[in-house]
Amino acid sequence: MKDIFVTNLKNVRRFTSVVEKVNHKLPGVERMALAFSDPGYGKSRTALHFAGNNGAILIRTKKLMTGRWLLEEIVEELGASPAWKTKDLFAQAVHLLSARPRTIILDEIDYFTSDSKVIETMRDLHDIARCPMIFIGMGQADKKLMRYPHLYDRFIDVVKFEKLDQEDVRHMASELSEYRFEDDAVERISTESQGRIREIIKMIHKAEAAARSNKLKTIGAKDFK
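Calculation notes
Residues numbered from 1 in each chain as written. Predicted model: local features only at pLDDT ≥ 70, side-chain atom pairs only at ≥ 80, totals over all residues. Heavy atoms only, no water. Axes fitted to C-alpha atoms, helices over the stretch in contact; angles between N-to-C directions. Helix = DSSP H or I, 4+ residues; strand = E, 2+ residues; numbered from the N terminus. Parallel < 35°, antiparallel > 145°, perpendicular 65-115°, else oblique. Left-handed = near helix turned anticlockwise from the far one by under 90°. Contact = heavy atoms within 4.5 Å. Phe/Tyr/Trp six-rings, centres within 6.5 Å; stacked < 30°, edge-to-face > 60°. Buried < 20%, exposed > 50% of the residue type's maximum accessible area, 1.4 Å probe, protein only.

**Q** What am I meant to see in the packing of helix 1 (residues 9-22) against helix 2 (residues 43-54) here?
**A** The description of two helices packed together rests on the angle between their axes and the distance between the axes. Contact geometry of helix 1 with helix 2 gives a least axis separation of 10 Å together with a crossing angle of 50°. By the angle between their directions, the pair helix 1 and helix 2 is classed as oblique. Seen from above, helix 1 lies across helix 2 with right-handed handedness. Contacts between helix 1 and helix 2 involve Val12, Phe15 and Val19 from the former and Thr46, Ala47 and Phe50 from the latter.

Below you can see the structure in the form of C-alpha cells.
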C-alpha cells in the first residue's frame, strides 16, 4: 500500500475554501473559521497535510491545556523560547505573528470549549495580531462555541466535514492500492465503512492482502473475507 495523503475529496475542497477565506487581505474583516464533524471524516489528516505543506502552525490541544500552555506551544512553533511572564508571553506571540504571519490551526478544540479563558486568549491573539486562525472540532463543536457569541461572530466560515462517499472511496483505492477495485467492491467498502476514513483504509489493506494471496489482478466484493 502506498504511503501518501488521501482523504475525502469534497472535504479537502471545503477545507481549502476555509483556508482561502481566513487568509484574505480585506481590512476590518475577521480571519477566524471553524471546521467540524463526527470522528473519522479526515479533519485532522487534512489539517496536518495542509500545515506540513504551507507553513501553518498546527496545535493539537490537550484536555489539561491552559491559555498559557497554548501560547507557549505557539511561540515554540514560531521558533522562539517562550517568555517567562504571561504578559510578556502574549506580547511575544503577537510580535512573532505580526512579523511573520502564519495560519494557526487548533485541532481537538472541544477540550477547551468550556474554558472561557482559553477561548478569550485565542480571540485576543486573533484580534491583536490579525492572524488567520482555524478551529477544528467534533460533531457538536459549532453548538458548543455558540455559547461565546463574541467569538462565534468572528467566524468568517463554518464548515462541516461529511462522510466519504463512493467517489471518495474510488479515489482512495486508486491512490492507495496497486490493484483495481471493481464497482461492487467500492460500494461494499463505502457501505461497511460508514464513510469513515480509517475503516476505508483498513478494508483496502485487507482486500490487498487477499488479492496477493489469491494472485488476483482486480478486487471485487466477492473477494473480501
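Now that the structure is up, let's keep going.
**Q** What should I look at first to understand the packing of aromatic side chains in this one?
**A** Given two aromatic rings, their pairing is described by the distance between the two centres and the angle made by the two planes. Counted under the stated rule, the structure contains four aromatic pairs. Taken together, a centroid distance of 6.2 Å and an interplanar angle of 90° make the contact between phenylalanine 112 and phenylalanine 135 edge-to-face. Residue phenylalanine 112 is located in the loop between strand 3 (104-107) and helix 5 (116-129), and its partner phenylalanine 135 is located in strand 4 (residues 133-137); the two are separated by 23 residues in the primary sequence. Of the two residues, phenylalanine 112 and phenylalanine 135, neither departs from the other in class, the shared state being buried. With a centroid separation of 5.8 Å and an interplanar angle of 75°, the aromatic rings of phenylalanine 135 and phenylalanine 155 are classed as edge-to-face. Within this pair, whereas phenylalanine 135 is found in strand 4, its partner phenylalanine 155 is found in strand 5 (residues 155-160), the two being separated by 20 residues in sequence. According to the relative accessible area criterion, phenylalanine 135 is buried, its value standing at 0%. Judged by relative accessible area, which is 10%, phenylalanine 155 ranks as buried. Grouped by ring-pair contacts, the aromatic residues Phe112, Phe135, Tyr152 and Phe155 constitute a single cluster.

**Q** It is not clear to me how the side chain of threonine 121 should be interpreted in this structure. Could you clarify?
**A** Secondary-structure assignment places threonine 121 in helix 5. If near-sequence neighbours (up to four positions away) are discounted, threonine 121 is found in contact with Gly67, Leu71 and Phe90.

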